[in-house]
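# Structural characterization, general
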Amino acid sequence: MQPADASAPVVATANLVVAYYRVSTERQGRSGLGLGAQAERCALFAAGNGMAVAEVFTEVETGKGSDALDRRPQLAAALAAARRLRCPVLVAKLDRLSRDVHFIAGLMASRVPFLVAELGADVDPFMLHIYAALAEKERRMISERTRAALAARKRQGAQLGNPTNLAEAGVAGAARTAEGARRFAENVAPVIREVRATGVASLRGIAAVLNARGVRTARGGRWAATQVGAVLARAAQASHGARGTGIRQPKRPPFEDT
């Protein structure tokens, strides 16, 4: 038997899709498209088009450089699963794949078909390229207009920024940091619950699974038990005093691994 040609297009298996969800701490709150919303949108799309979600892959990424496949292990795994199952990858919105048209073009070259719930089932790869290019151009134009407006005000003698009230600025910065940590906790908590559902109970065990999956911490590093505990504590606080996480907490001293 001849080996499968890796460069050949994947012929979609009827009624199956691989779902891919992605969140980032910087934008998830503004987009309103967290993990739960993405899962719901993809489930409705699949049900409305007679499809079944065969596998689900979740990416929690932060910071720059995410538009590279080696920084997106769950996307790479989703592509591999779709090729193995001979089915499309389903995302809720096109920007869940990327906000960069060149990166999306590279994904299209993998010959795995993509479906975007927001755009409908009949959008072909050519139209996906068009939508991606238009979105990228719009973002670039907004950025250019903002820079031009600031430069014009500066030429007119306006003082940009606020060099006074440094204490207030520090308080605001701390509040933004706390808000970012809270959002990250809300984003990654469903992934931790998914890990727990497989029978992994300890904080150290959960950290090991997150690292194996390529999920990064808020600062882009590897997980430790104390970080998992902190995320769960923030998620519980955000849900207005959940009664408990059901996970064994670290023994004293408080920062010792479990």
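Being a predicted model, the structure only gives us computed values, none of them experimental. (Residues numbered from 1 in each chain as written. Predicted model: local features only at pLDDT ≥ 70, side-chain atom pairs only at ≥ 80, totals over all residues. Heavy atoms only, no water.)

## Some thoughts on the overall build of the protein chain
Rules: The way it works is that DSSP assigns letters per residue, a run of H or I at least four long becomes a helix, a run of E at least two long becomes a strand, and they are numbered from the N terminus. Burial classes follow relative accessibility: with a 1.4 Å probe on protein chains only, a residue under 20% of its type's maximum area counts as buried, one over 50% as exposed, and anything between as partly exposed. Contacts between residues were defined by any pair of non-hydrogen atoms, one from each residue, lying within 4.5 Å. Note on areas: Shrake-Rupley with a 1.4 Å probe; residue coverage comes only from the protein chains shown.
Helix and strand content of the protein chain: eight helices and four strands. Counting helices and strands in the order they occur from the N terminus, the protein chain gives β-α-α-β-α-β-α-β-α-α-α-α. The proportion of buried residues among the 258 residues of the protein chain is 33%. Here the analysis covers contacts within the protein chain between residues at least 6 apart in sequence; of these, 71% occur between residues at least 24 apart. Accessible surface, the protein chain: about 15,000 Å² in total, of which carbon and sulfur atoms supply 56%.

## Description of the side chain of Asn-211
Checked against the element boundaries, Asn-211 lands in helix 7 (residues 203–213). The buried category is assigned to Asn-211, whose relative accessible area is 14%. Non-local contacts of Asn-211, meaning those with residues more than four positions away in its chain, are made with Arg-222 and Trp-223.

## Regarding helix 5 (residues 125–155)
Convention followed: Helix span, as expected, comes to 1.5 Å for every residue beyond the first.
Its 31 residues give helix 5 an end-to-end C-alpha distance of 45 Å, which sits within 8% of 45 Å, the value for a rise of 1.5 Å per residue. Every buried residue belonging to helix 5 is among Leu-128, Ala-132 and Glu-136, and all of these are buried. Phi for Gly-157, located one or two positions after helix 5, is positive at around 95°.

## Observations concerning the nonpolar core
The condition is simple: The nonpolar core is taken to be a set of buried Ala, Val, Leu, Ile, Met, Phe, Trp, Tyr and Cys residues, with the residues joined through side-chain atoms within 4.5 Å.
Counting 28 residues, the largest nonpolar core has Val-188, Ile-192, Leu-210, Trp-223 and Val-228 as the members making the most contacts within it. Of all elements in the fold, only strand 1 (16–23), helix 2 (35–48), helix 6 (166–197), helix 7 and helix 8 (225–238) reach the threshold of two or more residues within this core. The element best represented in this core is helix 6, accounting for six residues. Not counting residues up to four positions away in its chain, the partners in contact with Trp-223 are Phe-184, Val-188, Ala-207, Leu-210, Asn-211, Val-215, Arg-216, Thr-217, Val-228 and Val-231. Of all hydrophobic cores here, the second largest spans 24 residues; its members include Leu-75, Ala-78, Val-101 and Ile-104.

## A look at the sheet that holds strand 4 (residues 114–116)
Which entries qualify depends on this criterion: Note on pairing: two strands pair once DSSP finds at least 2 bridges between them. Note on geometry: axes are lines fitted to C-alpha atoms, helical ones only across the stretch in contact, with angles between N-to-C directions running from 0 to 180 degrees.
Spatial strand order, 2-1-3-4: four strands in an open sheet with parallel pairing. Strands with a single pairing partner mark the edges of an open sheet, and in this sheet they are strand 2 (52–60) and strand 4. Strand after strand, the sheet turns through a mean of 25° between neighbouring axes, direction not considered. Inspection of the sheet shows strand 3 (residues 89–91) paired to strand 4 by three bridges, in the parallel sense. Looking at strand 4, one finds that Val-91 is bridged to Val-116. This element, helix 3 (residues 73–85), spans strand 1, strand 2, strand 3 and strand 4 of the sheet and lies at about 165° to strand 2.

## A look at a nonpolar patch on the surface
Operational definition: Each patch is built from salt-bridge-free residues with over 30% relative accessible area, joining like charges within 9 Å and nonpolar side chains (Val, Leu, Ile, Met, Phe, Trp, Tyr) within 5 Å. In what follows, salt bridge is the name for a side-chain nitrogen of Lys or Arg lying within 4 Å of a carboxyl oxygen of Asp or Glu.
Side chains of Phe-126, Ile-130 and Leu-134 sit close together on the surface and give an oily, nonpolar patch of about 310 Å² of accessible area. Structurally, Ile-130 is set in helix 5. When its relative accessible area of 33% is taken as the criterion, Ile-130 is described as partly exposed.

## A closer look at the packing of aromatic side chains
Formally: Two rings from Phe, Tyr or Trp (for Trp, the six-membered ring) form a pair when their centres are within 6.5 Å of each other. A pair whose planes differ by under 30 degrees is stacked, one over 60 is edge-to-face, and the rest are tilted.
Using the criterion set out here, one finds one aromatic pair in the structure. Where Phe-184 meets Trp-223, the ring centres are 5.9 Å apart and the plane angle is 15°; that geometry is what we call stacked. Of this pair, Phe-184 sits in helix 6 while Trp-223 sits in the loop between helix 7 and helix 8, and the two are 39 residues apart along the sequence. Side by side, Phe-184 and Trp-223 carry an identical accessibility label, which is buried.

## Description of the pairing of strand 1
The buried count for strand 1 comes to seven of eight residues, which makes it a mostly enclosed element. Pairing analysis gives eight bridges linking strand 1 to strand 2, with the strands arranged parallel. Directly across from Tyr-21, in strand 2, lies its bridge partner Thr-58. Of the strand pairs in this sheet, strand 1 and strand 3 are connected by two bridges, and their pairing is parallel. Of the residues in strand 3, the one forming a bridge with Val-18 is Val-89.

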